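What follows is the residue order along each chain.
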Amino acid sequence: QAQLVESGGGLVQAGGSLRLSCAASGMIFSIYVMGWYRQAPGKQRELVVTITSGGSTNYSDSVKGRFIISRDNAENTVYLQMNSLKPEDTAIYYCNAHRRTMARTHDYWGRGTQVTVSS
């Protein structure tokens, strides 16, 4: 059974950095589009960034130039380096694995990791 486990969240001051990790198991990691999403209190979950199996990325405008996604297919792990953090980055960050075939769509989610940025 596919499983995603996030780690690396915490409390940081504005302007600081954090690195999130998402370890995948029970799946062929390399063929999935991996992504990070976040949900702030009272708001809907939103896309932060995705990375394809080939390394193509798609960042939301709100994090472009500050966050960097990477993946290690040998370690079945995707990372999110978050720099120049702002209070508005405060949210629960979720890891996602996505794959669409002719037969069905596969979507897996982690339980999330809390990121809190103080002003």
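Residues numbered from 1 in each chain as written. Predicted model: local features only at pLDDT ≥ 70, side-chain atom pairs only at ≥ 80, totals over all residues. Heavy atoms only, no water.

Caption draft 1: Just the pairing of strand 9 (residues 91-100), in detail. Relative to strand 9, strand 4 (residues 33-39) runs antiparallel, the two sharing seven bridges. Following the sheet pairing, V33 is matched in strand 9 by H98. As paired strands, strand 9 and strand 11 (residues 113-118) are joined by three bridges and run antiparallel to one another. Residue pairing in the sheet places I92 in a bridge with Q114 of strand 11. As paired elements, strand 9 and strand 10 (residues 105-109) share five bridges and run antiparallel to each other. (Pairing = 2+ DSSP bridges. Helix = DSSP H or I, 4+ residues; strand = E, 2+ residues; numbered from the N terminus.)

Caption draft 2: Structural view of the sheet that holds strand 3 (residues 18-25). With antiparallel pairing, the four strands of this open sheet are ordered in space as 1-3-8-7. Edge positions in the open sheet fall to strand 1 (3-7) and strand 7 (67-72), since each of these has one partner strand only. Mean inter-strand twist for the sheet, computed between neighbouring axes without regard to direction, equals 15°. Pairing analysis gives six bridges linking strand 7 to strand 8 (residues 77-82), with the strands arranged antiparallel. (Axes fitted to C-alpha atoms, helices over the stretch in contact; angles between N-to-C directions.)

Caption draft 3: Seen up close, the packing of aromatic side chains. Taken as a whole, this structure holds two aromatic pairs when the rule is applied. On the numbers, 6.0 Å between centres and 55° between planes, the contact of Y32 with Y108 is tilted. Remark: Y108 occurs in strand 10 and Y32 occurs in the loop between strand 3 and strand 4; sequence separation between them is 76 residues. By relative accessible area, which is 26% here, Y108 ends up partly exposed. The ring of W109 carries the charged tip of R45 above its face, separated from the ring centre by 4.6 Å. In this structure, R71 is placed above the aromatic ring of F29, and the distance from its NZ or CZ to the ring centre is 4.6 Å. (Phe/Tyr/Trp six-rings, centres within 6.5 Å; stacked < 30°, edge-to-face > 60°. Buried < 20%, exposed > 50% of the residue type's maximum accessible area, 1.4 Å probe, protein only. Lys NZ or Arg CZ within 6 Å of the ring centre and 35° of its normal.)

Caption draft 4: Structural context of the nonpolar core. The biggest cluster of nonpolar side chains holds 30 residues, and the ones touching the most others in it are M34, W36, F67, V78, L80, M82 and Y93. Elements represented by at least two residues in this core include exactly strand 3, strand 4, strand 5 (46-51), strand 7, strand 8, strand 9 and strand 11. (Core = buried A, V, L, I, M, F, W, Y, C linked by side-chain atoms within 4.5 Å.)

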